[in-house]
Amino acid sequence: MSRAVSMRDLDPAFQGAGQNAYPSLRKLVAFRTFASKSGILRHEIHYWLGKDTSKDEAGAAAIKTIELDAALGGRAVQYREVQGNETDKLISLFKPCILPQEGGGASGFKHVPFARSTLNHDNIFILDTKSKIFQFNGSNTSIQERTKALGVAQYIKDKYHGGKCEIASIEDGSLMADAASGEFWALFGGFAPLPRKSAGDVDTVSDSHSTKKLLSVEKGKAEPVEADSLTRELLGTDKCYILDCGLELYVWMGRNTSLDERKSASTAAEELIQGSDRLKSHLIRVMEGFETVTFWSKFECNATATEDGRGNVAARLQRQGLNVEGILKVTPHKEDPHAHIDCTGVLQVWRVNGQDKVLLSDENHAKFYSGDCFIFHYSYSEEVHEEHLIGTWFGKKSVEKERASAASLARKMVESMKFMAAQACFHEGSEPVLFFFIFQSVIVFKGGLSDGYKSYIAEKGTPDDTYTEEGLALFRVQGTGPENMQSIQVEAVASSLNSSYCYILHSGSTVYTWAGSLTSPDDQELVERQLDLIKPELQTRPQKEGSEVDQFWELLGGKAEHPKKKISSVPEGDPHLFSCTFSKGDLKVTEIYNFTQDDLMAEDIFILDCHSSIFVWVGQEVDTKNKLQASTIGEVRPIGCIEGGFQGYYALIGQLGSHVPLHLSNHKNSKRKMVNPHAPGGCCALTFPSVVAQKFLEHDFLLEKPSRETPMYIVMEGSEPPFFTRFFTWNSAKSNMHGNSFQRKLAIIKHGGIPVTDKPKRRIPFGGRSSGTPEKPKRSRSVSSGSERVRVRGRSPAFNALASTFEKPKDRNLSTPPPTVRKLYPKSGTHEPVTKIADIAESLMPRAVKASPAASKVTADTNSKKNSMSSRPESLSVRDDRKEGEKEDEVDEEGVPTYPYERLKTTSEDPATEIDVTKREAYLSSKEFQEKLGMKRAEFYKLPKWKQNKLKMGVQLF
């Protein structure tokens, strides 16, 4: 007999709760309803207990929380919050802190007596006076802690001082060095050294994983469950359980338990944490089928929340008398990938061949082979500047040696661009939709053309199945339209067919098209477009599923059963942001809830996991070793081999630490095998995926069982692409500021920040600037029937400098005319929006010393020319008719003396005198200017000021 909860027994105030996505506060109970990417509504309830709350009041709050959960369909996660020890989730709903109305201290902060003895080196203190707010930073506190504390000081200023109050930062040990420090210490009767904390004063916190006990609750009593390990099978759907993990205490409620049983289990859990030694323990209640990731992480098998029975929730709630309209699911929001990247940019593609790479012609740059590796460089317009994406694509049967070469060559390209390009690593079969929108029309052939692949199959004696135009080939056609379509070569057998797709089958001059019974006219149109690329001038014989001619089946070796269901791709999920730290080679992560751009600290590495892709964000102030671990992606370096064993060991192991994975193959003592089973035998390889991203996937913190071939991106602070910033309300001026996080935050506060009336910068989708839905650019590269070809691929200015380092004359496809550049959406000028944040960013840059009159004249002339250039829209476009390698006009610098680079850099031992130190680059010769900054003067001075400074800093000219 079912013991379902009756809605008639609940508080009428809870009727209708949770039918909208919003956080709400009802006295001591706060609940939040939010929609996931799939549209499913999720609920979280937090009941908050002040420090003076009585035991009876705490019990009543717990009972009311259970009733509210029942009103929400028994699907909410419930958190018991105690003043001064709130969970990060609750604090994230009320950033930067929670300030109780009477007598309480901010959450995450402890209210202390006003006395010098309360100050120490290990904490941050905020002193609020009538005219000024002081923030005292203990000498042992981190930059990140100080930055967060500034947010609290700003909150106090706005809430209790009407925004009209000064905030002063006091550094521990600064004595009376400045007026603010003197004023601060005067309030304590003068300065005196702070004592060091004794060993007995050190706070000890029990490890939540040190002991785990499962208790079964029956008739209000909790009894231990005897088991060798925690498994999902121990939990019965008609019972309630308590999982005691020290700092965390979970109450698990079976779906078939009654309301009274749930209340009894909650009371039993409250009694367990009443002792003085459990004051910091968090109590969390979860319902069967709606458990959290952290709950399942306590179990040995790492079980996950199931969807079993969720489809019947609505019917069950209706039987209980609850109006379920809008309570279970809302219409999911669908995003247009076009809004995340300009798909009319400049694309260059290379195929890796051994240790080198071969530039592909415009006609072939979207043709991939499963046995090869490819590198692409895509540059595109974004607001008033140019963005770059450098990526690698690994075929399923590519060899490790060429994967290593691809990663190494791609990294050199990124380094040559001063790490201002985003990096990406894609694997065949796991490409994101962004990849397909960049390439628009992709064909993946079987086999490979590289020397590495050919050598490998020759060694193994494997038949070469590389695609030939005259041979037998079957292609599955897929995609959503002309701007996103692919042809994937599959085995030419009947079982490769699928009723949800269209196919192209050819053998010599014989060409068939096959339309599955579940395909649409749009799918069939894609076949016609792909035929223009695969077999453009041959007559085709259309076939429909169920009415095929015998010759069609003969080519496929006879009829066979085939699937009907469409091949699923990994959907994008709810984004999760994690801060990352390394401790003795082990990755530690902390999830940031309800994150914003301000959570990205310049001193840290962050991972943004959106299920279908992984982004690694690297702050400007991250130390060199950690930056190297985060910024190297997908690199595998062969070491070599000797008699039955291995020779040498890379010195890079010593640079990165022992946690860098060493992959061995075909060795009796090897515990790890190489990632790619097709790699040549007897080889030792050192693998450098992004160490941070790789370890994140290995740990599977979200229990999603991610593929090791999940698309990865590396994003450097200050060069964030739009397909990363879309997860935030983004202001690019913030990420372009100099200094550490604390210095930036303090500067924003002192300069007034962004006015309240200002709206965050909105990225305008490419293809139009109208207020309505922008029309997609009408373009297609795949149609050869005379339709106008709108997009023109070519070389960007930055690419010309980059390519000169890597290209060899013999690699150039001389039969292909030099590509050109045409920007379809020229901007009206190069000026940047003037905001307070932008002004603050400038204020954090080093101050320039006064220049000589002659140098000042040079600066004025240069600025005058720059302004005249920016007033012409066409100045932003590279001339279409200029031939590759043709000399471009230089900025007129007549009358300016030139000096060697060694005398112009900021660390020079023999610095040049009588120069404008804010324009050191102006005194370089044309040759050294090109070598050091990677571009000509005219191209350099078209860049935004912040980007010029960033480039100059990279070569010590700023």
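Residues numbered from 1 in each chain as written. Predicted model: local features only at pLDDT ≥ 70, side-chain atom pairs only at ≥ 80, totals over all residues. Heavy atoms only, no water.

1. Overview of the overall build of the protein
Logical step 1: The helix and strand inventory of the protein stands at 25 helices and 32 strands.
Logical step 2: Counting all 958 residues of the protein, 51% fall into the buried class.
Logical step 3: Long-range pairs, those at least 24 residues apart, make up 68% of the contacts in the protein with a sequence separation of at least 6.
Logical step 4: When the accessible surface of the protein is split by element, carbon and sulfur atoms take 51% of a total near 45,800 Å². (Helix = DSSP H or I, 4+ residues; strand = E, 2+ residues; numbered from the N terminus. Buried < 20%, exposed > 50% of the residue type's maximum accessible area, 1.4 Å probe, protein only. Contact = heavy atoms within 4.5 Å. Areas by Shrake-Rupley, 256 points an atom, 1.4 Å probe, with all protein chains shown as cover.)

2. Notes on the packing of helix H3 (residues 143–160) against helix H18 (residues 741–750)
Logical step 1: H18 packs onto H3 with a crossing angle of 15° between their chain directions and a minimal axis gap of 8 Å. Considering their axes alone, H3 and H18 lie roughly parallel with respect to each other. Judged by the sense of rotation from one axis to the other, the crossing of H3 with H18 is left-handed. Counting all contacts with H3, which are made through Ile143, Arg146, Thr147, Leu150, Gly151, Gln154 and Lys157, the residues of H18 involved are Ser741, Phe742, Lys745, Leu746 and Ile749.
Logical step 2: Here the residues of the contact of H3 with H18 sort into 5 nonpolar, 4 polar and 3 charged. (Axes fitted to C-alpha atoms, helices over the stretch in contact; angles between N-to-C directions. Parallel < 35°, antiparallel > 145°, perpendicular 65-115°, else oblique. Left-handed = near helix turned anticlockwise from the far one by under 90°. Nonpolar A, V, L, I, M, F, W, Y, C, P; charged D, E, K, R; others polar.)

3. A word on the environment of Gln543
Logical step 1: Note that Gln543 resides in strand E24 (residues 540–544).
Logical step 2: On a C-alpha basis, the gap between Gln543 and Trp514 in space is 4.6 Å, while along the polypeptide they are 29 residues apart.
Logical step 3: Not counting residues within four places of it along the chain, the set of residues in contact with Gln543 comprises Tyr512, Thr513, Trp514, Ala515, Glu548, Val549 and Phe552.

4. Some remarks on the sheet that holds strand E6 (residues 132–137)
Logical step 1: Read across the open sheet, the 3 strands follow the order E5-E6-E7; overall the sheet is mixed. This sheet does not close on itself; its edge strands, each paired only once, are strand E5 (124–128) and strand E7 (166–171). On average, adjacent strands in this sheet sit at an angle of 20° to one another, irrespective of strand direction.
Logical step 2: In this sheet, E7 lies alongside E6 in parallel orientation, the contact comprising 6 bridges. From the neighbouring strand, Gln135 faces E7, where its bridge partner is Ser169.
Logical step 3: Strands E5, E6 and E7 of the sheet are contacted by helix H4 (residues 179–186), whose axis makes an angle of about 90° with E6. (Pairing = 2+ DSSP bridges.)

5. With respect to the sheet that holds strand E20 (residues 472–481)
Logical step 1: If you walk across this open sheet you meet the 7 strands as E15-E19-E21-E20-E22-E23-E24, and the pairing is mixed. The open sheet terminates on both sides in strands that have one partner only, identified here as strand E15 (367–369) and E24. Neighbouring strand axes in the sheet, compared pairwise and without regard to direction, differ in orientation by 20° on average.
Logical step 2: Pairing geometry for E20 and strand E21 (residues 484–490), over 7 bridges, is antiparallel. Of the residues in E21, the one forming a bridge with Phe475 is Gln489.

6. Here we look at the side chain of Asn484
Logical step 1: Tracing the sequence through the fold places Asn484 in strand E21.
Logical step 2: Of the polar contacts made by the side chain of Asn484, one reaches the side chain of Gln486; its length is 2.6 Å.
Logical step 3: Ignoring sequence-local partners within four residues, the contact set of Asn484 consists of Val433, Phe436, Phe437, Gln440, Gln478 and Gly479. (Polar contact = N/O pair within 3.5 Å; in protein donor to acceptor, adjacent residues only side chain to side chain.)

7. Considering the pairing of strand E22 (residues 502–507)
Logical step 1: Taken across its 6 residues, E22 has 5 buried, putting it largely inside the fold.
Logical step 2: The sheet contact formed by E20 and E22 spans 6 bridges and is antiparallel. When the bridges of E22 are listed, Leu472 appears paired with Ser507.
Logical step 3: Sheet topology note: the E22/strand E23 (residues 510–515) ladder contains 6 bridges and is antiparallel. Across the sheet, Ser507 pairs through a bridge with Thr510, a residue of E23.
Logical step 4: Between E22 and E23, which pair antiparallel and follow one another directly, the connecting turn spans 2 residues, one of which, Gly508, has a positive phi of 65°.

8. Some thoughts on the pairing of strand E18 (residues 422–427)
Logical step 1: A large share of E18 lies buried, amounting to 6 of its 6 residues.
Logical step 2: Along E18, one buried face is formed by Ala422, Ala424 and Phe426 and the opposite face, lined by Gln423, Cys425 and His427, is buried too.
Logical step 3: Looking at chain direction, strand E17 (residues 385–394) and E18 are connected through 6 bridges and run parallel. Bridging from a neighbouring strand, Thr392 pairs with Cys425 of E18.
Logical step 4: Handedness of the β-α-β unit built from E17, helix H8 (residues 400–416) and E18 comes out right-handed. (Right-handed = clockwise from strand over helix to strand, strands pointing away.)

9. Examining H18
Logical step 1: Counting buried positions along H18 gives 7 out of 10 residues, so the element sits mostly inside the fold.
Logical step 2: Where H18 begins, the side chain of Asn740 points an oxygen toward the backbone nitrogen of Phe742, at a separation of 3.0 Å.
Logical step 3: Looking one or two residues beyond H18, the residue adopting positive phi is Gly752, at roughly 95°.

10. A word on the nonpolar core
Generally speaking, soluble globular proteins have nonpolar side chains that are buried together.
Logical step 1: Counting 58 residues, the largest nonpolar core has Phe376, Phe435, Phe439, Phe615 and Phe724 as the members making the most contacts within it.
Logical step 2: No other element matches helix H9 (residues 433–439), which puts 6 residues into this core.
Logical step 3: Among the nonpolar cores identified, the runner-up in size contains 25 residues, and Val29, Leu72, Val217 and Ala268 belong to it. (Core = buried A, V, L, I, M, F, W, Y, C linked by side-chain atoms within 4.5 Å.)

11. Quick notes on helix H1 (residues 55–71)
Logical step 1: Look at H1: 25 Å from first C-alpha to last across 17 residues, which is about the 24 Å you get at 1.5 Å a residue.
Logical step 2: Looking at H1, one finds that the buried residues are Ala58, Ala61, Ala62, Thr65, Ile66, Glu67, Leu68, Asp69, Ala70 and Ala71.
Logical step 3: Where H1 is buried, its residues touch strand E2 (29–35), strand E3 (41–49), strand E4 (77–82), strand E11 (248–253), helix H5 (259–272) and strand E12 (282–287).
Logical step 4: Backbone geometry just downstream of H1 places Gly73 in the positive-phi region, at approximately 90°. (Expected span 1.5 Å × (residues − 1).)

12. Description of the packing of aromatic side chains
Logical step 1: Using the criterion set out here, one finds 48 aromatic pairs in the structure.
Logical step 2: For the ring pair Phe445 and Phe475, a centre distance of 5.9 Å and an interplane angle of 85° mean the geometry is edge-to-face. Of this pair, Phe445 sits in strand E19 (residues 441–445) while Phe475 sits in strand E20, and the two are 30 residues apart along the sequence.
Logical step 3: Among the residues examined, Phe475 registers a relative accessible area of 0% and is labelled buried.
Logical step 4: Taking 5.9 Å as the distance between ring centres and 65° as the angle between the ring planes, the aromatic pair formed by Phe615 and Phe727 counts as edge-to-face. With Phe615 in strand E28 (residues 614–618) and Phe727 in the loop between helix H16 (722–725) and helix H17 (732–735), the pair connects residues that are 112 residues apart, well separated along the chain. Accessibility assignment for this pair places Phe615 and Phe727 in one class, buried. (Phe/Tyr/Trp six-rings, centres within 6.5 Å; stacked < 30°, edge-to-face > 60°.)

13. A few points about the pattern of salt bridges
One side chain can pair with another of opposite charge once the charged atoms of both are near each other.
Logical step 1: As enumerated under the stated definition, the model contains 27 salt bridges in all.
Logical step 2: Of the charged contacts in the structure, one is a salt bridge between Lys298 and Glu248, with a shortest N-O distance of 2.8 Å. Taken together, the residues span a long stretch of sequence, with Lys298 in the loop between helix H6 (293–296) and helix H7 (313–319) and Glu248 in strand E11 at a distance of 50 residues.
Logical step 3: Residue Lys298 is classed as buried on the basis of its relative accessible area of 3%.
Logical step 4: Residues joined in a network through salt bridges with shared partners are Arg32, Glu44 and Lys89. (Salt bridge = Lys/Arg side-chain N within 4 Å of Asp/Glu carboxyl O.)

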